[in-house]
Each structure stands twice: as C-alpha cells, then as structure tokens.
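Chain and residue survey
Now for the letters of each chain:
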Amino acid sequence: MTRPLTQREADAMRYATAGLDPAQIALHLDVTTSAVRATLQRAIRKLGGRDLHHAIQIHNQPSPTRR
C-alpha cells in the first residue's frame, strides 16, 4: 500500500512525468535542485518505486477510488 504524497511531492512527480529534470522542476517550484531531489526521493519511497521511472508508473496508475 502506498502512502499519500504531499502536494509538493505530487507537483514534483507531475513535472518529472512531463520529462523535466530536477533543475527545471526547481525553477517551477521555486526551490533548490537539491530540495527537488530530496522531494522526489521521498515520493519514490512513499510510492514503493524502485527508481524514479517506476515511481512515475505507479503514480500515474488510476486510483481504484477514482471513477
């Protein structure tokens, strides 16, 4: 079971899904690149992903509660 993402983690994942790198994401979120990397790492752990690409796949799966 995955833990819910914070709004910042969800935003970072959305930008990563769009193909932006951490430096580009940092510009959009107005934070440092290292903060983006830490945020993405937390999101990967919460989602149970092996890496960012796997976490993106998990994040983009339809939720069973959404209909």
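Conventions and cut-offs
Residues numbered from 1 in each chain as written. Predicted model: local features only at pLDDT ≥ 70, side-chain atom pairs only at ≥ 80, totals over all residues. Heavy atoms only, no water. Helix = DSSP H or I, 4+ residues; strand = E, 2+ residues; numbered from the N terminus. Buried < 20%, exposed > 50% of the residue type's maximum accessible area, 1.4 Å probe, protein only. Contact = heavy atoms within 4.5 Å. Core = buried A, V, L, I, M, F, W, Y, C linked by side-chain atoms within 4.5 Å.

1. Examining the environment of T17
As for its placement among the helices and strands, T17 is situated in helix α1 (residues 7-17). Given a relative accessible area of 36%, T17 falls into the partly exposed group. Taking the C-alpha atoms as reference points, T17 and L52, separated by 35 residues in sequence, lie 9.3 Å from one another. Non-local contacts of T17, meaning those with residues more than four positions away in its chain, are made with I56 and N60.

2. Overview of the nonpolar core
Ranked by size, the top nonpolar core spans 15 residues in total, and within it M13, I25 and L40 carry the most contacts. For this core, the secondary-structure elements that each account for two or more residues are α1, α2 (22-29), α3 (33-47) and α4 (52-59). Residue contributions to this core peak at five residues, all from α3. Residue contacts for M13: discarding those within four places in its chain leaves L5, L40, A43, L47, L52, A55, I56 and H59.

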